[in-house]
Amino acid sequence: MYKMLIVDDEKTERECIRYLIESGELSLDLREAPNATDALALLRKWPADILFTDVQMPVMTGLELVRQARDFLPDLKTIIFSSYAEFEYARTAMALGAENYILKPVVPEELDRTLRTVIKELDDALDSRIRQDMQQSYLLQYALQCCINGNVSPSGLTPDISRQLDSFSQLVLLDFTAPFLEKNYTAFYEGLRSFLHLNMETLSLSPNQALLFLRESHPDSRSFGQRLHSYIRDAFRTDCYISVSRPLNGCSDLQDAYTAAEQQMEQRFWNPQVRVFSYDDQAAPAESQDAPDDDSQLTVIKRCLAGKDGEGLLKNLEQLFAKYRTPSSQSQIFVKFVFSNLITALYPHLPGKDEFAPLETLITDLYLQPDILEIIKTVQSMSARIIESFEAADQNVRREILSVKDYIGKNYQNDLSVEMLASLVYLTPDYLSKLFKKSVGKSLSQYIRQVRMEQASQLLRTTGKKVIDIGIAVGYPNYSYFCQSFREYFGKSPDKYRQEEANEALT
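About the thresholds
Residues numbered from 1 in each chain as written. Predicted model: local features only at pLDDT ≥ 70, side-chain atom pairs only at ≥ 80, totals over all residues. Heavy atoms only, no water. Helix = DSSP H or I, 4+ residues; strand = E, 2+ residues; numbered from the N terminus. Rg over C-alpha atoms; globule rule 2.2 N^0.38 Å. Contact = heavy atoms within 4.5 Å. Expected span 1.5 Å × (residues − 1). Axes fitted to C-alpha atoms, helices over the stretch in contact; angles between N-to-C directions. Parallel < 35°, antiparallel > 145°, perpendicular 65-115°, else oblique. Left-handed = near helix turned anticlockwise from the far one by under 90°. Nonpolar A, V, L, I, M, F, W, Y, C, P; charged D, E, K, R; others polar. Salt bridge = Lys/Arg side-chain N within 4 Å of Asp/Glu carboxyl O. Buried < 20%, exposed > 50% of the residue type's maximum accessible area, 1.4 Å probe, protein only. Pairing = 2+ DSSP bridges. Phe/Tyr/Trp six-rings, centres within 6.5 Å; stacked < 30°, edge-to-face > 60°. Lys NZ or Arg CZ within 6 Å of the ring centre and 35° of its normal. Core = buried A, V, L, I, M, F, W, Y, C linked by side-chain atoms within 4.5 Å. Arc of directions from axis to C-beta. Patch = residues over 30% accessible without salt bridge, like charges linked within 9 Å, V, L, I, M, F, W, Y side chains within 5 Å. Areas by Shrake-Rupley, 256 points an atom, 1.4 Å probe, with all protein chains shown as cover.

**What to know about the overall build of the chain**
Step number 1: Helix and strand counts for the chain come out as 21 helices and 10 strands.
Step number 2: Expected size for 507 residues packed as a compact globule is a radius of gyration near 23 Å; at 41 Å, the chain overshoots this value by more than 25%.
Step number 3: The principal-axis extents of the C-alpha atoms in the chain amount to approximately 135 × 45 × 40 Å.
Step number 4: Long-range contacts, defined as pairs at least 24 residues apart, comprise 66% of the intrachain contacts of the chain with a sequence gap of at least 6.

If you want it as structure tokens, here you go:
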């Protein structure tokens, strides 16, 4: 509804104009003033859209009122009404931008026609401003999106957009635990502006993620982030993670600040109980140089699984869990890759698979999991079942089998025969062979070959030793026989195996 001020020193004239407007069903918020001085004071507190004023009034004329009002309300629409039909009055009124000069007594039809024309002009001007504001908003949103992606050149920006981009002092990344912004976008941002008095622009990245571009920085970023989180939690009954960037120094900082905010948000994977992350948080500690690399540890875990070594499996899993329970310099994608390989290795040994989801579902859920502790819990649940099955099976495995396996593991590089192994545990070769096959699921020669091949594969992946030396190191003094056995076991030659593993490590 537009606001209109009626100014005349005659009360009856003001009441007559009010009556004609109200009877014409024009939607206007009307107020009155008895003179130009009162009108100016009211216009400063209540900026009207239309000024309807008499010309001849005491102290100040209506024409002078229009002139002074236009100084602080340049878009004010004015209509002059007067008992004087002098051309000079009308010409002055038109020069001041009056919409019409109406003579008293006012003709209702002329007043109605004039006001409807003025209202249409106001509507058109409002529509134009809205379109311009929307266009400017779209341009700014597009420029912000390009800035954070590094796809904008300062020379390609309009001066106004460039000025706005340089006005931002800090960036805040919001990551909601549910698609909150899908239905609450407008109310949420208006709430931030109204209740937290944030002078900002916003950019919605997805139903779960948004960026706030603040025009005023908050040096105590953690305190600000916590206040923001408390407001969101209390006002909207939803939860989110917040990453507050360092103070910005113009448009050129936006991409780096956004990248840093994303990296800060990565810490939620290691500390899911923390909701606010800021640029002054301590960096993740460096990896211990004494910790075994993930690939070697996974190889050991696979060997424990193959040998049904529950104790060894538990020990190596705990080492891996301990490494990743605390913040790591590794990205969460890399960590999830490590654990997906671990789950893939565990799954074939899992008893009662019907009680677990298919392997593909477990891997998908793992990559969607934002909490390292939940990933560890899933692996612990799987490994506990496997270790229980190993322990049950071990009750039927005689001590002699464990001794033989232990001896093979320590002496695989030497010449091993069934007769020599049987003599170690005081059994006949035939009986040891049958007992071993029943307990382990493969013959002694197959098991020895497996241990030697796994050792060979590790040496090929982790050392630069010559193939012939590796063959000797794992119990194959004959180079040709080693290459033949390796090819039969892995389906490829040692040289090709080493080359493919090296290429995979580089990708």
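Anyway, onward from the coordinates.
**Examining helix α1 (residues 11-23)**
Step number 1: Helix length check: α1 (13 residues) gives 18 Å between terminal C-alpha atoms against 18 Å at 1.5 Å per residue, within 8%.
Step number 2: Directly beyond the C-terminal end of α1, a positive phi value near 60 degrees is found at Glu25.

**Regarding the packing of helix α11 (residues 310-325) against helix α12 (residues 332-346)**
Step number 1: Put simply, α11 and α12 touch, their axes get as near as 12 Å, and they point 165 degrees apart. Between α11 and α12, the crossing angle belongs to the class labelled roughly antiparallel. Regarding α11 and α12, the two cross each other, and that crossing is left-handed. Within the contact between the two elements, α11 uses Leu313, Leu317, Leu320, Phe321 and Tyr324 and α12 uses Phe334, Val335, Val338, Phe339, Leu342 and Leu346.
Step number 2: The residue inventory of the contact of α11 with α12, partitioned by class, reads 11 nonpolar, no polar and no charged.

**Some words on the pattern of salt bridges**
Step number 1: One pass over the full model with this rule turns up 23 salt bridges.
Step number 2: For Asp234, the salt bridge is made with Arg233, and the minimal N-O distance between the two is 3.1 Å.
Step number 3: Since its relative accessible area comes to 41%, Arg233 is described here as partly exposed.
Step number 4: With a closest N to O distance of 3.6 Å, Glu374 and Lys377 form a salt bridge. Of the two residues, Glu374 and Lys377 both sit in helix α14 (residues 372-394), three residues apart, roughly one turn of that helix.
Step number 5: Residue classification places Glu374 among the partly exposed positions, given a relative accessible area of 31%.

**Describing the sheet that holds strand β4 (residues 77-82)**
Step number 1: Spatially, five strands are ordered β2-β1-β3-β4-β5 in an open sheet, and the strand pairing comes out parallel. Of all strands in the sheet, those with a lone pairing partner are β2 (28-33) and β5 (100-103), marking the two edges. With strand direction ignored, the average angle separating the axes of adjacent strands in the sheet is 20 degrees.
Step number 2: As paired elements, strand β1 (residues 2-7) and strand β3 (residues 50-54) share four bridges and run parallel to each other.

**Observations concerning the packing of aromatic side chains**
By convention here, two paired aromatic rings are described through the distance between centres and the angle between planes.
Step number 1: Enumeration according to the criterion identifies 23 aromatic pairs in this entry.
Step number 2: Between the aromatic rings of Phe490 and Tyr497, the centroid separation amounts to 5.1 Å while the plane-to-plane angle is 50 degrees, which identifies the pairing as tilted.
Step number 3: A relative accessible area of 26% means that Phe490 is categorised as partly exposed.
Step number 4: You can call Tyr497 buried: its relative accessible area is 9%.
Step number 5: The structure contains a cluster of three or more aromatic residues connected by ring pairs, namely Phe176, Phe180, Tyr185, Phe188, Tyr189, Phe195, Tyr231 and Phe236.
Step number 6: Above the face of the Phe72 ring, Arg44 is positioned so that its terminal group lies 4.1 Å from the ring centre.
Step number 7: The side chain of Arg452 reaches across the aromatic face of Tyr476, ending 5.5 Å from its centre.

**A word on the sheet that holds strand β10 (residues 276-278)**
Step number 1: With mixed pairing, five strands are arranged side by side in an open sheet as β7-β8-β6-β9-β10. Strands with a single pairing partner mark the edges of an open sheet, and in this sheet they are β7 (200-204) and β10. Strand-to-strand twist in this sheet, taken as the mean axis angle between neighbours without regard to direction, amounts to 15 degrees.
Step number 2: As paired strands, strand β6 (residues 170-176) and strand β8 (residues 209-214) are joined by six bridges and run antiparallel to one another. Across the sheet, Val172 pairs through a bridge with Leu212, a residue of β8.
Step number 3: Across the sheet, helix α8 (residues 221-236) lies against β6, β8, β9 (240-244) and β10, angled at about 155 degrees from β9, the strand it touches most.

**Here's the deal with the pairing of β7**
Step number 1: Among the five residues that make up β7, four are buried, leaving the element largely enclosed by the rest of the structure.
Step number 2: What sits between β7 and β8 in their antiparallel hairpin is a turn of four residues.

**Concerning the nonpolar core**
Step number 1: Of all hydrophobic cores here, the largest spans 32 residues; its most connected members are Leu313, Phe339, Leu342 and Ile372.
Step number 2: Those elements giving two or more residues to this core turn out to be α10 (294-306), α11, α12, α13 (359-368) and α14.
Step number 3: Apart from the residues lying within four places of it in its own chain, the contact partners of Leu313 are Ile301, Cys304, Leu305, Leu346, Ile386, Ile387 and Phe390.
Step number 4: Formed by 29 residues, the second largest nonpolar core is a distinct cluster that contains Tyr412, Leu427, Tyr476 and Phe486.

**Concerning helix α9 (residues 254-265)**
Step number 1: For α9, with 12 residues, the first-to-last C-alpha span of 16 Å sits near the 16 Å given by 1.5 Å per residue.
Step number 2: Every buried residue of α9 is accounted for by Leu254, Ala257, Tyr258, Ala261, Gln264 and Met265. Projected onto a plane normal to the axis of α9, the buried residues spread over an arc of 120 degrees and lie on a single side.

**Focus on the pairing of β2**
Step number 1: By the bridge criterion, six bridges tie β1 to β2 in an arrangement that is parallel. In the strand pairing of β2, Val7 is matched with Ala33.

**Topic: unusual backbone geometry**
Both trends apply: most residues other than glycine have a negative phi, and most peptide bonds are in trans.
Step number 1: Residue His197 is not a glycine yet carries a positive backbone phi of 55 degrees.
Step number 2: With respect to the element layout, His197 can be found in the loop between α7 (181-195) and β7.

**Details of a nonpolar patch on the surface**
Step number 1: Together, Ile333, Phe334, Phe337 and Tyr367 make up a nonpolar patch on the protein surface, roughly 370 Å² of accessible area in all.
Step number 2: At three residues, α12 tops the list of elements feeding residues into the nonpolar patch.

**Topic: the environment of Leu203**
Step number 1: Summarising the element assignment, Leu203 is placed in strand β7.
Step number 2: In this structure the C-alpha to C-alpha distance between Leu203 and Gln145, which are 58 residues apart in sequence, comes to 7.7 Å.
Step number 3: Filtering out sequence-adjacent residues up to four positions away, Leu203 remains in contact with Gln141, Leu144, Gln145, Ile148, Ala210, Leu211 and Phe213.

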